Every structure is written in structure tokens, then in C-alpha cells.
Amino acid sequence: MYRSMVAVLCFITLSASAVPGQSPTVAPVRVAAGTVLNFHLQTRLNPTAGDTLDALPKGMILQVRMLDPIDSAADRDGTEFHGSLAAPLVLGGEVIVRSEAEVRGLLVLLRSRNHPDGFRYELLVTGLTDRGKSFDLTASLNPSFLDSGAQPAPDSKSAMK
């Protein structure tokens, strides 16, 4: 009886181990200061009538030069980062936001149904400041923020270390 119990417990323990191909940890995000990443504009948090930033299309690329290094192995969920636009935001030949505008963002840990670990790290741009005026928005490395299983765009992924 005792041996049967031990055999059953061993079987359960082996069955409960990680499934091959799954990692017990979430893939880290490491970005060095000075790296330029491509973020995809998702939404405006508080759009205002007649604001020129409201005309920017969803998916527009924001090229951000990271001023702060980010390492998810050392930095916590919610860690703020700062950057600057590496290229201006242009719409219809008109510069809407100048290059070198201040960029604010966060390192976030998101729940993901499609990601093998159930979670994934993401860098999100949360706002811009240009000419003394602040704009709240959301931009992510993934083209579709709602597509939780998406991988970063090829240009952004190659810039990540």
C-alpha cells in the first residue's frame, strides 16, 4: 500500500511539472539607453476637440530614443522611462509634434491569454510633451495592443537586447 502511494505521488509530481516548450519565467525586456524603438500609436486617453494630435491615425509609428535603460529583470512593473522623439510626427506635410519632444512611458506586465507564460512585458508610451503642451496617449511596441499574443514589430525587436 505504501509503495503504491509513493508511486502515485511520484506520477502526480512528474505530471505537474512544466510542459516542454514553456518557460517558468516571463521573457525579459532589456533596452539600453540611446536605443531607438518603434512604438505604434493606439489611442488617445483624453482627446480634446480640435487637438491636432487627435488627427493622427492609429498605428502611426513613433520613433522613440530611450533616455533611460530598461531591464525587466531589475526594474519592477510600473517603472517609468523617459525618451525623446527621434523623428517628428508629420501629418499631411505638417509637423504635429517636433522631434526631440519629451516622451513618457511605463514598463508593464500584462496578462496574456495567447502568450505561453500567461504574462508578457510590454513598454508603453503614455504621453508626449512638446512646446510646453502635454498629450496623453497610448503607444506600444506591438502593432495591435489588443492582440496579446503579438510579438514586437521586426524593427523594434531588433533594437531590443
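Residues numbered from 1 in each chain as written. Predicted model: local features only at pLDDT ≥ 70, side-chain atom pairs only at ≥ 80, totals over all residues. Heavy atoms only, no water.

Enquirer: Can you help me understand the pairing of strand 10 (residues 133–140) in this one?
Expert: Within a regular beta strand, the side chains point alternately toward one face of the sheet and then the other, so they alternate between its two faces. Relative to strand 10, strand 9 (residues 119–130) is paired through six bridges, and the arrangement is antiparallel. Counted as the bridge partner of Gly-127 is Asp-136 from strand 10. Counting the residues that bridge the hairpin from strand 9 to strand 10 gives two residues, and of these Arg-131 lies at a positive phi of roughly 55°. (Pairing = 2+ DSSP bridges. Helix = DSSP H or I, 4+ residues; strand = E, 2+ residues; numbered from the N terminus.)

Enquirer: So what exactly am I meant to see when it comes to unusual backbone geometry here?
Expert: Phi is mostly negative for residues that are not glycine, and the peptide bonds are mostly trans. Although it is not a glycine, Glu-100 sits at a positive phi angle of roughly 75°. With respect to the helices and strands, Glu-100 occurs in the loop between strand 7 (94–97) and strand 8 (102–111). With phi around 55°, Arg-131 is a residue other than glycine that occupies positive phi space. Following the sequence through the fold, Arg-131 ends up in the loop between strand 9 and strand 10.

Enquirer: Explain the packing of aromatic side chains to me, please; I cannot follow it from the model alone.
Expert: Given two aromatic rings, one states the distance between the centres and the angle between the planes to describe the pair. Per the stated rule, a full pass over the model turns up one aromatic pair. With 6.4 Å between their ring centres and 25° between their planes, Phe-39 and Phe-81 make a pair best called stacked. Note that Phe-39 is positioned in strand 2 (residues 36–44) and Phe-81 in strand 5 (residues 80–85), a separation of 42 residues in sequence. Classification of Phe-39 by relative accessible area gives buried; the value is 0%. By relative accessible area, Phe-81 is classed as buried at 0%. (Phe/Tyr/Trp six-rings, centres within 6.5 Å; stacked < 30°, edge-to-face > 60°. Buried < 20%, exposed > 50% of the residue type's maximum accessible area, 1.4 Å probe, protein only.)

Geometric values such as these leave the question of function open.
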